[in-house]
Each structure stands twice: as C-alpha cells, then as structure tokens.
Amino acid sequence: MRIWAIANQKGGVGKTTTALCLARCLADLDHRVLLVDLDPHGSLSRAFGIPAEPPPKGTYDLFDGGKIADLARATPHPAIRLLAAQAGMATLERRSATQPGLGLSLHRALQEARADYDYALLDCPPTLSLLLVNALAACDRLIVPTQTDPLAVHGLEGMLRTAAMVERSRKRPLQRQILPTLYDRRTRSSHDTLERLQQLPDALVCPWPIPVDTRLRDAATLASHPRHLGGRGINAYRDALQWLLETQQPDAQEAAA
Ligand SMILES: Nc1ncnc2c1ncn2[C@@H]1O[C@H](COP(=O)(O)OP(=O)(O)O)[C@@H](O)[C@H]1O
Ligand SMILES: [Mg+2]
C-alpha cells in the first residue's frame, strides 16, 4: 500500500478536493483506495453524507487501538472506503501530553491494513497538530496543494519546513511534491505564482495545475456521483495523477521483500 498525505498548513487551498478527486481517479484505474479524514472539521466526511452527530465510528478510534478493517465504511464507489472524522479528534492534543506514542497511531493502523488497499490518501487538517504529525509520520509521499496565489506560497514554505523536521525524526525519506491548485489563467497573480512555482526543481512541482472549475466546487457530487466524471478540473486531476504515478519513488517495503 502506498500512503499519500495531502497537506498544507493553510486552509482553503484544495486539500479535501484533491483527496477526493485523486481517490476517484485512482479508483477509475481499478486501485483499492482508503480515504482518511484527518480534519476535525470533517469536510470530507460531510461530502460523503456522514453527519457529525451522532458521532460516527472513524479516525479517532484508531487512537484507542481501533482497526481500519472494523472502522472503514463503504462509499458509493466500490473501490473507495472511508475513515470518517470524529469530533473527539480535536481533543487529541490534550491527550498527547499524558499519553506518549500517539504520534504513531495512524502509522501502526495503516501498516496492519497494508494488504487491503493499494493506496491510502490522508486528508490533513490545516494546523500543525498531532493529526498532521501522524500523517507525516505514516506517509511515503507528501502532496502539498498550493493555491496559485502569492500569499499561499508562504503556507507552502511552512509546510515544507514541517515536512523536513518530521523526516529527520522518522529516519525514512519523505518524498514531497507540490500541486498548484485553483489556477485561474485569466488573472495575472495566478499566472505569476504558477511561473514562480515552476521555477522550483522539476520533480517537485506538478506541471499540470488544477484550474478553477465550478464542477469541483460541489464536493458532495464528487463523492456521491458513481459514474465517470468529466470536465476540465477532473481531467487536470487525471493528468496530475499520471505525473504522480510516473514520479513515484520505489516502495521501500516492496523493494526489501
Ligand atoms: N479547482 C477548484 N475549482 C473550484 N473550486 C475549488 C477547486 N478546488 C477547491 N475548490 C473549492 O474551494 C474551497 C476550498 O477547497 P477545499 O478542498 O475544501 O480546501 P481545503 O481542504 O484545503 O480547506 C471549497 O469550497 C472547494 O469546493
Ligand atoms: Mg479540507
């Protein structure tokens, strides 16, 4: 199983949309996908129609020894399963003060589920929190959706610094890549920011920016519509996925086997 964290310490940059669209595109290629909602706000879970109340079973239960096999739920797409967000996730920070080892709960749970999925996509919260640290400790690749807006580039720098810090402590390489999002080719600032991002090394920045597309605005439709989706936005995600698959580093565990 490959584990991709979709993270940026800035909100509203397209993390949840990216997780959802990449999951759909991977499922279209017949991969088995686990979507993990790590954001206490639960936008991904809401997109799948899972209400916050009564609390669903899901991601928080992993921190009490729960197993993905018991907690993941079916979605309208046969190849996609979901671990839903739970309000209790917001209390983890407090628990971590008295309970060491919580930083690796997600890693442990995903390792147990390795054989059940081809990909796990982690939709991260926009804050530097225990949940984000769990995602960065567990993943083999970090995808940073970055809005093509001059201010958003600051969020990117913070995210890359956090990734470097976690990489040092986990002693395992963490491939990181940037996916330009919300690209509006009619605006100068979008164009200039994309150019600035594209000056970073090749393998780091996806050459296919995700355009602004109103069809991507409705996460509930993306989540529930079972048939093949079309449109500029989803097609850009298909191209981005192709690039992600082409630039994927060998799986350390598969290589060792
Ligand atoms: N490419 C896009 N085109 C149009 N709207 C988008 C696009 N990507 C995201 N959005 C919208 O922008 C808002 C923020 O996106 P979201 O994926 O929830 O970001 P995050 O998870 O980083 O907070 C949402 O309303 C979403 O529907
Ligand atoms: Mg989100």
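Residues numbered from 1 in each chain as written. Chains lettered and ligands numbered in written order. Predicted model: local features only at pLDDT ≥ 70, side-chain atom pairs only at ≥ 80, totals over all residues. Heavy atoms only, no water.

Trainee: Please explain the pairing of strand β5 (residues 119-123) as it appears in this structure.
Mentor: The side chains of a regular strand alternate between the sheet's two faces. Taking burial as the measure, the five residues of β5 include five buried ones, the bulk of the element. The alternating pattern of β5 places Tyr119, Leu121 and Asp123 and Ala120 and Leu122 on opposite faces, both of which are buried. Pairing of strand β1 (residues 2-6) with β5 involves five bridges; the strand directions are parallel. Directly across from Arg2, in β5, lies its bridge partner Tyr119. Pairing analysis gives five bridges linking strand β2 (residues 33-37) to β5, with the strands arranged parallel. Residue Asp37 lies in a different strand from β5, and its bridge partner there is Asp123. (Buried < 20%, exposed > 50% of the residue type's maximum accessible area, 1.4 Å probe, protein only. Helix = DSSP H or I, 4+ residues; strand = E, 2+ residues; numbered from the N terminus. Pairing = 2+ DSSP bridges.)

Trainee: Honestly, the pairing of strand β4 (residues 80-83) in this entry has me stumped. Any pointers?
Mentor: In this sheet, β4 lies alongside β2 in parallel orientation, the contact comprising four bridges. Its bridge partner being in β4, Leu35 is matched across the sheet by Leu82. When strand β3 (residues 73-74) meets β4, the two strands line up antiparallel, connected through two bridges. Pairing of Arg73 across the sheet is with Leu82, part of β4.

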